[in-house]
Amino acid sequence: MKILIIDDDELIRERVIEILTSCSHPEDIFQAASGVSHGIECIATFQPDLVFLDIEMQDGTGFDLLKQLNEYDFQPVFITAHNKYALDAFRFSAIDYVQKPFDPEDLITALARAKESIRSRDITRQLDVLKNAIADLKSVDQKIVLRDNKSLYFIKVNDIFHCEAQGSYTTFFLLDGSKIVVSKPIKEYEHLLEPYGFIRTHHSHIVNTRRIVRLDKSDGGLIILENGHEVPISQRKWDHILELLAVKFG
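Participant: Help me understand the pattern of salt bridges, please; the structure alone is not making it clear to me.
Facilitator: Two side chains with opposite charge may pair up if their charged atoms get near one another. Tallied over the entire structure, the rule returns 5 salt bridges. As a salt-bridge pair, E226 and R211 come within 2.9 Å of each other at their nearest N and O atoms. Highlighted residues: E226 in the loop between strand 16 (222-225) and strand 17 (230-232) and R211 in the loop between strand 14 (205-208) and strand 15 (212-216), separated in sequence by 15 residues. For E226, a relative accessible area of 43% puts it in the partly exposed group. One continuous salt-bridge network, built from bridges that share partners, spans D7, D54 and K100.

Participant: It is not clear to me how the side chain of D7 should be interpreted in this structure. Could you clarify?
Facilitator: For D7, the location among the structural elements is in the loop between strand 1 (2-6) and helix 1 (10-23). Overall, the relative accessible area of 0% leaves D7 in the buried class. A polar contact is formed between the side chain of D7 and the backbone nitrogen of D9, at a distance of 2.8 Å. One polar contact links D7 to K100, side chain to side chain, over a distance of 3.4 Å. Discounting chain neighbours no more than four positions away, the residues touching D7 are I12, R13, A33, S34, G35, D54, M57, I79 and K100.

Participant: Honestly, the pairing of strand 8 (residues 143-147) in this entry has me stumped. Any pointers?
Facilitator: Sheet faces and side chains relate simply in a regular strand, where the side chains alternate between the two faces. Taken together, the 5 bridges between strand 8 and strand 9 (residues 152-156) define a ladder with antiparallel strand orientation. Each residue of the ladder has a partner; that of K143, found in strand 9, is K156. Hairpin geometry of strand 8 and strand 9 is characterised by an intervening segment of 4 residues between the two adjacent antiparallel strands.

Participant: Please clarify how the layout of surface pockets should be interpreted in this entry.
Facilitator: Where empty space is left can be seen by rolling a probe of water-molecule size over the atoms. In this structure, the second largest pocket spans a volume of roughly 270 Å³. Together, 13 residues line the second largest pocket, and E194, F198, I199, R200 and L244 are the ones closest to its centre. For the lining of the second largest pocket, the elements supplying multiple residues, two or more each, are strand 13 (198-202) and helix 8 (238-249). In terms of residue count, helix 8 provides more of the lining of the second largest pocket than any other element does, 5 residues in total. When the residues that make up the lining of the second largest pocket are grouped by side-chain class, the tally is 5 nonpolar, 3 polar and 5 charged.

Participant: Would you mind going over the nonpolar core with me for this structure?
Facilitator: In summary, soluble globular proteins display a tendency toward joint burial of nonpolar side chains. Of all hydrophobic cores here, the largest spans 45 residues; its most connected members are I6, F78, I144 and F172. For F172, the residues in contact, after removing those within four places along its chain, are L146, I160, H162, C163, S178, K179, I180, V182, Y189 and L193. Core analysis: the second largest hydrophobic core is formed by 17 residues, I12, I79, V98 and L111 among them.

Participant: It is not clear to me how the packing of helix 1 against helix 5 (residues 104-116) should be interpreted in this structure. Could you clarify?
Facilitator: The relative placement of two packed helices comes down to the angle between their axes together with the axis-to-axis distance. Viewed as axis vectors pointing N to C, helix 1 and helix 5 meet at an angle of 60°, and their least axial separation amounts to 10 Å. When the axes of helix 1 and helix 5 are compared, the pair comes out oblique. Note on packing geometry: the crossing formed by helix 1 with helix 5 is right-handed. Taking contact as the criterion, the partners of R15, V16, I19, L20 and C23 in helix 1 are, on helix 5, P104, L107, I108 and L111. Taken together, the residues that form the contact of helix 1 with helix 5 break down as 8 nonpolar, no polar and 1 charged.

Participant: Can you walk me through the sheet that holds strand 6 (residues 75-80) in this structure?
Facilitator: Strand pairing in a sheet relies on backbone hydrogen bonds. The paired strands run either parallel or antiparallel. On the basis of which strands lie adjacent, the open sheet formed by 5 strands has the order 2-1-3-6-7 and parallel pairing. Bordering the open sheet on either side are strand 2 (29-33) and strand 7 (97-99), each of which pairs with just one other strand. Within this sheet the neighbouring strands show an average axis-to-axis angle of 15°, counted without direction. In the packing of helix 1 onto the sheet, contacts are made with strand 1, strand 2 and strand 3 (50-54), and the angle to strand 2 comes to roughly 170°. Sitting on the sheet, helix 2 (residues 36-46) touches strand 1 and strand 2, and the angle it makes with strand 2 is about 150°.

What counts and what doesn't
- Residue indices follow the written sequence of each chain, beginning from 1 at its first position.
- Confidence filtering applies because this is a predicted model: local features only for residues at pLDDT of at least 70, side-chain atom pairs given and counted only at 80 or more, and all residues used for totals across whole chains, interfaces and linings.
- Heavy atoms from the whole structure form the basis of all side-chain values; hydrogens and water molecules are not counted.
- What counts as a salt bridge is simple: a side-chain nitrogen of Lys or Arg found within 4 Å of a carboxyl oxygen of Asp or Glu.
- By the criteria applied, helices consist of DSSP H or I runs no shorter than four residues and strands consist of E runs no shorter than two, each listed in order from the N terminus.
- Whether a residue is buried, partly exposed or exposed follows from its accessible area with a 1.4 Å probe, protein chains only, as a fraction of its type maximum: under 20%, in between, or over 50%, in that order.
- Under the rule applied, a polar contact is a pair of N or O atoms within 3.5 Å (in protein, one hydrogen donor and one hydrogen acceptor; residues adjacent in sequence only if both atoms are side-chain atoms).
- Residue contacts are counted whenever heavy atoms from the two residues lie within 4.5 Å of one another.
- Pairing between two strands is assigned when DSSP locates at least 2 bridges connecting them.
- Residues are said to line a cavity or pocket when one of their atoms sits within 4 Å of a point; the points come from a 1 Å grid over protein atoms alone, cavities being sets where a 1.4 Å probe fits but cannot get out and pockets being open sets with protein on both sides within 12 Å along at least five of seven lines.
- Grid points are joined across faces, edges and corners, and a volume is the space filled by probe spheres set on the points.
- Classes in brief: Ala, Val, Leu, Ile, Met, Phe, Trp, Tyr, Cys and Pro nonpolar; Asp, Glu, Lys and Arg charged; the others, Gly included, polar.
- Only buried residues count toward a nonpolar core. Its members are Ala, Val, Leu, Ile, Met, Phe, Trp, Tyr and Cys residues joined through side-chain atoms within 4.5 Å.
- To define axes, lines are fitted to C-alpha atoms, for helices over the stretch in contact only, and angles between the resulting N-to-C directions are given on a 0 to 180 degree scale.
- The scheme is simple: roughly parallel for angles under 35 degrees, roughly antiparallel for over 145, roughly perpendicular for 65 to 115, oblique for anything else.
- Two helices that cross are described as forming a left-handed crossing if the nearer one is turned anticlockwise from the farther one by less than a right angle, and a right-handed crossing if clockwise.

The analysis is restricted to geometry; functional conclusions fall outside its scope.
Structure representation (structure tokens):
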């Protein structure tokens, strides 16, 4: 595999190569570039399979680099010092990233994940989701990329009725009646979906408040959704949820 590191900090380039070399396959080949212009040249000549790409560089951004390419056939992993708001955008797109200052284990994990999804035919669509999320993370038309063990799914956030925890997995129940099971715990999505009106009603459930039909006090407290699903409300959350819905719906 050919691996290119594009970062305008020489020490970071050297450190990334040092870490990845220690855990990579003997046949892996590394090259480094010092910025957007140099990176474009290296991509043309080196033709990498995987690119670790800094977002903020002196001569532009990682997005500027991608815009200048007519096409590309490599898997990007972004290197970023962005704040938590921007990191949520990466989580929405399911594009991998490592955050500065990075832990060596983060790089090693990112390399392993990238090798699993190398040459993904959906990377262009994922980048579109990422750019839209960075531009306006709270848009009602925002999409989220969900990944199961076979496929990537590009889902409008408002098409999610609710999420249910099943151990370390989360099941998404969708507008068309389908379900998607992802191998991440529900806690990963609680904060991510909160700006869109999702609330945690129970340790195992997150609900889209736009899809609520009514609240039922029977059986300890239930939320009834448009699709007929009944979602439990934990007793300790009942008053808090009533307050949240009162503010939302007046």
